[in-house]
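# Geometric and topological summary
In case you want the letters, here they are:
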Amino acid sequence: MKFKKTFAALLVGAMILTGCSSKPNKKTGEKKENTKKPIKYAMVTDTGGVNDQSFNQSAYEGLKELQKEGIIEKPTYLESKQASDYKTHLETLLDSKNDLIAGIGFALKKDIEAAAKANPDQKYVIIDSSFENTPKNLIGTIFADNENSFLVGYLAGALTTSNKVGFIGGITSPLIKKFEAGFRAGVEQAAKDNNKKVEVVAQYAESFGDATKGKAIANSMYSSGVDMIFHASGGTGNGVIESAKENKKFVFGVDRDQSYLAPEYVVASTIKKVNEAIKSVGKDLYEGKFRGGETIEFSLKTNGVDVAYGKEDQLKIKIPNELKQKIEELKKSIAEGKITVPTEVK
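Residues numbered from 1 in each chain as written. Predicted model: local features only at pLDDT ≥ 70, side-chain atom pairs only at ≥ 80, totals over all residues. Heavy atoms only, no water.

### Examining empty space enclosed by the protein
Which parts of space are left empty comes out when a probe the size of a water molecule is rolled across the atoms. All told, the structure shown has 1 cavity of 30 Å³ or more when counted by the stated rule. Approximately 180 Å³ is the volume found for the largest cavity. Along the walls of the largest cavity sit 21 residues, with Asp46, Phe55, Ile176, Phe208 and Asp255 positioned nearest its centre. Counting residues per element, the ones that place at least two in the lining of the largest cavity are α2 (55–68) and α6 (174–193). The leading source of residues in the lining of the largest cavity is α6, at 3 residues. Class assignment of the residues belonging to the lining of the largest cavity gives a composition of 9 nonpolar, 7 polar and 5 charged. (1 Å grid on protein atoms, 1.4 Å probe; cavity = no way out; pocket = protein on both sides within 12 Å on 5 of 7 lines; lining within 4 Å. Points joined across faces, edges and corners; volume = space filled by probe spheres on them. Helix = DSSP H or I, 4+ residues; strand = E, 2+ residues; numbered from the N terminus. Nonpolar A, V, L, I, M, F, W, Y, C, P; charged D, E, K, R; others polar.)

### Brief notes about the side chain of serine 54
By secondary structure assignment, the location of serine 54 is in the loop between β1 (41–44) and α2. Residue classification places serine 54 among the buried positions, given a relative accessible area of 0%. Polar side-chain contacts of serine 54 include one of 3.1 Å to the side chain of aspartate 255. For serine 54, the contacting residues outside a window of four places in its chain are Gly234, Val254, Asp255, Arg256 and Gln258. (Buried < 20%, exposed > 50% of the residue type's maximum accessible area, 1.4 Å probe, protein only. Polar contact = N/O pair within 3.5 Å; in protein donor to acceptor, adjacent residues only side chain to side chain. Contact = heavy atoms within 4.5 Å.)

### Looking at the sheet that holds strand β8 (residues 228–232)
The mixed open sheet is built from 6 strands, whose spatial order is β7-β6-β8-β9-β10-β12. Taken across any chain shown, the strands that pair with only one partner, and hence form the sheet edges, are β7 (199–204) and β12 (305–309). For this sheet, the mean angle separating the axes of adjacent strands, direction not counted, is 20 degrees. Relative to the sheet, helix α5 (residues 145–159) contacts β6 (164–169), β8, β9 (250–253), β10 (266–272) and β12, its axis offset from that of β10 by approximately 170 degrees. (Pairing = 2+ DSSP bridges. Axes fitted to C-alpha atoms, helices over the stretch in contact; angles between N-to-C directions.)

### Regarding the layout of surface pockets
By volume, the largest pocket amounts to about 320 Å³. Of all the elements in the fold, those that place two or more residues in the lining of the largest pocket are β5 (138–143) and α6. In terms of residues, the lining of the largest pocket owes the most to one element, α6, which gives 4 residues. Volume-wise, the second largest pocket comes out at about 190 Å³. In terms of lining, the second largest pocket is formed by Ala181, Arg184, Ala185, Val187, Glu188, Ala191, Val198, Val200, Pro342, Glu344, Val345 and Lys346. The element that contributes the greatest number of residues to the lining of the second largest pocket is α6, accounting for 6 residues. Looking at the lining of the second largest pocket, its residues break down into 8 nonpolar, no polar and 4 charged.

Here it is in structure tokens:
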């Protein structure tokens, strides 16, 4: 009996201790420590380079934001100087044992698809492209570039005083034609709403990294009477913006807010949330999810694209409040499907 009583007392004591240890510490309010290991996430740029002030730079900023959040290790990137670099860089990052490899730009489409098929255990994501039959270890991401291009087109069509505006593209492709198509449609709508005719001239530099050529094309356009240019040309657009400053004409940036490059002359920029696309896929993988075999779309409806106005305290053109209100109405109509923006040039 004495043994049974002693055992029972010990058992009760153990239960009490167990119960106490399972309760959270209300006084300290300590959170459960995150023991997840950061993933390795790397990217290959297109020929625009990581400091293109546009598309590639936005992608790399997304990686750095993930690093700050403790989700990835120090990010790695390889810059491509020419198209033949894509395959080599993808192989290098594969050998480095990365958990996720991103290809930045549609130009990498062919090479990253081939890499994914050849290495089914490696996970990949391509920014700004999709596939008919996406491999299970690859994610496609696309953006409704025609939608926010429509918005800057409307601004250009409403604000132009010469009634002649320009579009400068990087490499001729269905993707960049989406920008042009949206821009033209926006200009056309603004001209109709304001009872005027506005001419749109367009030219392609056939490069995303030739600022000298971008500047030469822009100089020619401005000399011909164009007073506003929208560029969709990556690093080539740095030359377009430089031309705007020198000619004291106006320009629209692309992919990220580029007003800091020419505060007096950048009217607005299309916003393409490449950084958010990069982060979304990285966070999913960190949480044990991977939407391989799918294409994720970013649009006005999903808040994946937008427009940012320039620095109004320095900008040498006034954007009326009623015009800004009109842009907000157009955003809503496009997001709700009341306005369908074309993706191809007529």
